[in-house]
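Geometric and topological summary
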Amino acid sequence: LLGRSQGRAHRPLAAMVAAAWPPDDGDVEAGIAVPRRCPETTSVRSFVDPTFEFPEPAAPVLRTWVPQEGWGKLPAWTFPDPVDNYLVRATSGVVFLLALVLVILKMGFESDVGYNWVPVILLDFAIRTCMGFRLSPFAWIGNAALKIARMDIFLVPSKAKRFSFFLGCVLNTVIIVLHFGLDSHIKRGPSIALVVFSGLESIGGFCVGCWLFQSFFAFRDMWYTRQDYLSMGQDMRARYMHDVEPALPSGVSIAFGFRDHGEPEVHSFDYELLVIGGGSGGLAAAKEAARLGKRVALLDFVKPSPSGSVWGIGGTCVNVGCIPKKLCHQAAIVGKIVRSHAQAYGWGEGGGAQPDVNFSWGRLRANILEHIHSLNDGYVKGLRSEKVLYINAMGKLLDKHTVECTNAAGEASRITARRILIAVGGRPSIPKIPGAALGITSDDIFFLEKHPGDTLLVGASYIALELASFLQGLGCATTVFVRSKPLRGFDEDMAKRVVENVALAGTTFVQGAEPRAMERQADGRIAVTYNAGGAERTAVFDTVVFAMGRQVQTASLGLEAVGVKTDKAGRIYHRHERTTVENIYAVGDVLVNGLELTPVAIQAGVLLMQRLFDGRKEHMSYALVPTVVFTTPEYGACGMSEELAKEVFGERQIEVFHAEFTPLEWTVPHCKFQCYVKVIANYLDKGRVVGVHYLGPNAGEVLQGFAAAMRCGITKAELDAVTGIHPVCAEELVTLRRTKRSGAVFRKTGC
């Protein structure tokens, strides 16, 4: 059978068989199985774990050497770094040309020698090249013996390598001495030159050997990497499915690594993909898989918040996150323009009085919810048009292919899928204090039927500051309890400036404050007892909003029972979105060290589906992801913070270019907010831009293009070469000249 030959010529056929029966069927448990003995023997050891013993199969077993990503760590020699190969080939190629020149020169010196010099030079060059290979005839004999022993031909023991190298050195020395002796009769040229030429020729021969050896592995790896196996198998799956399966003898099973040979080999699943979670990432992945011709089902169920808020399909972003937040943020901006800026621009009555404008929370809420409902309907119709089955039920894993679905009525059913994607996202955290049920979270703020009034935001995350900013702009008196640092994880200098602007708009910040208890008063307001600066105090608010972080919703999925590993917070360990179970994947907020951003979940889901079902190789890059905090003014960032850049590259190796400015449109109404921009460049890498930070209007619109430029590797010099558009805020990013290190005044004056 195929497993009885380790020849590389069989690997394409192995990939075809792997495509016909993907390893995600549940066959892999012990890593990559490369037999070191014939399959009919009592045991076959794993390449990854030589101590692992396979039980004798009940039927003939077809084993293939098809490395799959995430199955274990391969030996270092198998996949050398291609960058190293290119460097070796480039430098050795130069030496190779030098060696040829030296051989020609030596031929000229030896033109008067009284013996046939051609065989001697060829023998000399061949032996020295073999020394570069470190493969003398003794090593080839050893390799042949290893091949007979069913081991890989390139697994040369260290003793054989050392002996081969020693023998090559001895033979090389003999040739040099022989040349030196014969060259003493040369009539032209000093003997010392011949010695130098011989030495350089020896080095050239060694480099040529290394060059050929490395080039061989480089070209081999172009065809035989783990990703190449996967894509080759996926591309040819449909073509070879009907060719390979009928050709197998009766009773032959397929195994990739170790498996229980008692279970059936060919599974019949209800769906090729089952997505658990109907947020942005899950929806994008489901529709992409369906577009690629797969049978897809999607489970989505929204548990009511502690305050009873529920919503439709679409996840946090659409229903209680990005969409309603941005609309409320825009409502606050419109209010400021009408109340403050319109008069300065000549609108309304004269005399400085504000226009008679009344704000209606109920009308804003109704309009926003109407738009969100239209998005919910659009998602359902989109799934239907892509032929994705939408199931409004909770999912729980019973095994790695079976999911129990429980609907709102408590009725349970089961469905199976070849692959499962987890995209359940997270929900806001609530502190465990007396009276916490009186508070709400960001899941509830957009469903309030009446104006929030005096509002307390517990926490200083970006969600808390965004809520405080637009609520203040909509007529609420807002207070923020800051336990430690505001905007943790962002650039500290920028975070400080964001807080200053939000405070300038009227929000009160209480540093080091932690709520201890909450109690409803007779007038319906909420009394909050909190500790700040070691003293216990009490304040009264109409609304209390908890914005203290989020918890992933993986506890009820049954992940531990099927072998999916998570951290203490329930986040899933992964490698390129693949969990510790080979057919279960995850995207979005549930990932360890993931980014809790909607576009990240969408792109990761789409790329994952393309790798699984379309043979592509591109992975999600979690670096250089732009993000915006929608306060007033907005803060956008892409790349490293100043603190991280100093930690990674060293303070002396980076330069921070910065400036304060006032947008032109804010000058006439004398807006009091201050805007700021800075660019961080790494001089160790030709001044490459590693961080861009912008505090000003329309941060998202400004930053998106610069994020694309950073992904292309833009340098500060290239940024300076861009001609700005005048007069706009984005122009400030291409006109930065002052550095923090210089201490020069960075407040921009003039237009």
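On a predicted model such as this, the values are computed, not experimentally measured, just so you know.

**Some details on the confidence of the model for the protein**
- The share of residues in the protein with pLDDT of 70 or more is 63%, and the mean pLDDT across the chain is 77.
- Counting interchain partners and residues more than four positions distant, the pLDDT-below-50 stretch residues 145-162 has 24 contacts.
- Segment residues 218-266 is flagged for pLDDT under 50; beyond a separation of four residues in sequence, or across chains, it makes 106 contacts in the model.

**Some details on the nonpolar core**
- Grouped together as the largest cluster of nonpolar side chains are 39 residues, with contacts concentrated most on Leu467, Phe470 and Tyr635.
- Among the elements that line this core, the one with the most residues is helix α13 (residues 462-473), at 7 residues.
- Judged by nonpolar contacts, the second largest core, of 28 residues, contains Ala659, Cys671, Leu703 and Cys729.

**Describing the pairing of strand β6 (residues 394-397)**
- Because side chains alternate across β6, one face comprises the buried residues Gly395 and Leu397, and the other comprises Met394 and Lys396, none of which is buried.
- Bridge count for β6 against strand β7 (residues 402-406) is 4 bridges, and the pairing is antiparallel. Across the sheet, residue Met394 finds its bridge partner in β7, namely Thr406.
- Adjacent in sequence and paired antiparallel, β6 and β7 are bridged by 4 residues.

**Topic: the packing of aromatic side chains**
- One pass over the structure, following the stated rule, counts 7 aromatic pairs.
- Centre to centre, the rings of Phe446 and Phe470 are 6.1 Å apart; their planes meet at 25 degrees, and the pair counts as stacked. With Phe446 in the loop between β10 (440-441) and β11 (455-458) and Phe470 in helix α13, this pair connects stretches of sequence that are 24 residues apart. The pair formed by Phe446 and Phe470 is uniform in burial state, with each residue classed as buried.
- It is Arg497 that lies over the ring of Tyr676; its NZ or CZ is 3.7 Å from the centre.
- A cation over a ring is seen here: Lys716 above Phe657, with NZ or CZ 4.2 Å from the ring centre.

**A short note on helix α18 (residues 699-711)**
- Given a rise of 1.5 Å per residue, 13 residues ought to cover 18 Å, and the 18 Å separating the end C-alpha atoms of α18 matches this to within 8%.
- All of the buried residues along α18 are Ala699, Val702, Leu703, Phe706, Ala707 and Met710.
- Structurally, α18 contributes buried residues whose contacts are with β20 (627-629), β21 (634-639), β24 (688-696) and α19 (716-720).
- Downstream of α18 by a residue or two, Gly713 has a phi angle that is positive, lying close to 85 degrees.

**Section: a nonpolar patch on the surface**
- Taken together, Tyr345, Trp347 and Val668 make up a surface patch of nonpolar side chains, about 360 Å² in accessible area.
- Its place among the elements puts Val668 in the loop between β22 (654-661) and β23 (675-682).

**Comments concerning the packing of helix α9 (residues 280-291) against helix α16 (residues 598-613)**
- Here α9 crosses α16 at 25 degrees, and the two axes come no closer than 8 Å. If you check the angle between α9 and α16, you find them roughly parallel. α9 and α16 meet at a crossing whose hand is right-handed. Of α16, the residues touching α9 (which contributes Ser280, Gly281, Ala284, Ala285, Glu288, Ala289 and Arg291) are Thr598, Ala601, Ile602, Gly605, Val606, Met609, Gln610 and Phe613.
- Tallied by class, the residues present in the contact of α9 with α16 amount to 8 nonpolar, 5 polar and 2 charged.

**Things to note about the pattern of salt bridges**
- Enumeration over the complete set of coordinates arrives at 24 salt bridges.
- Of the charged contacts in the structure, one is a salt bridge between Asp493 and Arg497, with a shortest N-O distance of 3.3 Å. With Asp493 and Arg497 both in helix α14 (residues 492-504) and 4 residues apart, this pair spans about one turn of that helix.
- Accessibility expressed as a relative area gives 17% for Asp493, which makes it buried.
- A salt bridge links Glu660 to Arg497, with the shortest nitrogen-to-oxygen separation between them at 2.9 Å. Taken as a pair, Glu660 in strand β22 and Arg497 in helix α14 lie far apart in primary sequence, 163 residues in all. One exposure class covers both Glu660 and Arg497, and it is buried.
- When salt bridges that share partners are traced, they join Asp491, Asp493, Arg497, Glu642, Lys646, Glu660, Lys678 and Lys740 into one network.

**Some words on the sheet that holds strand β14 (residues 513-520)**
- A sheet is described by the order of its strands in space; here 3 strands give the open sequence β14-β15-β16, paired in antiparallel fashion. Of all the strands in the sheet, just β14 and β16 (535-541) have a single pairing partner and so form its edges. Strand-to-strand twist in this sheet, taken as the mean axis angle between neighbours without regard to direction, amounts to 25 degrees.
- For β14 and strand β15 (residues 526-532), the ladder comprises 7 bridges, and the chain directions are antiparallel. Opposite Ala513, over in β15, you have Ala532 as the bridge partner.

**Quick notes on unusual backbone geometry**
- Thr632 connects to Pro633 through a cis peptide bond whose omega is -5 degrees.
- Topologically, Pro633 is positioned in the loop between β20 and β21.
- His726 connects to Pro727 through a cis peptide bond whose omega is -5 degrees.
- With respect to the element layout, Pro727 can be found in the segment after α19.
- Here the phi dihedral of Glu577 falls at roughly 70 degrees; this positive angle occurs in a residue that is not glycine.
- Within the fold, Glu577 resides in the loop between α15 (559-562) and β19 (584-586).

Rules of the game
Residues numbered from 1 in each chain as written. Predicted model: local features only at pLDDT ≥ 70, side-chain atom pairs only at ≥ 80, totals over all residues. Heavy atoms only, no water. pLDDT = per-residue confidence, 0-100. Contact = heavy atoms within 4.5 Å. Core = buried A, V, L, I, M, F, W, Y, C linked by side-chain atoms within 4.5 Å. Buried < 20%, exposed > 50% of the residue type's maximum accessible area, 1.4 Å probe, protein only. Helix = DSSP H or I, 4+ residues; strand = E, 2+ residues; numbered from the N terminus. Pairing = 2+ DSSP bridges. Phe/Tyr/Trp six-rings, centres within 6.5 Å; stacked < 30°, edge-to-face > 60°. Lys NZ or Arg CZ within 6 Å of the ring centre and 35° of its normal. Expected span 1.5 Å × (residues − 1). Patch = residues over 30% accessible without salt bridge, like charges linked within 9 Å, V, L, I, M, F, W, Y side chains within 5 Å. Areas by Shrake-Rupley, 256 points an atom, 1.4 Å probe, with all protein chains shown as cover. Salt bridge = Lys/Arg side-chain N within 4 Å of Asp/Glu carboxyl O. Axes fitted to C-alpha atoms, helices over the stretch in contact; angles between N-to-C directions. Parallel < 35°, antiparallel > 145°, perpendicular 65-115°, else oblique. Left-handed = near helix turned anticlockwise from the far one by under 90°. Nonpolar A, V, L, I, M, F, W, Y, C, P; charged D, E, K, R; others polar.

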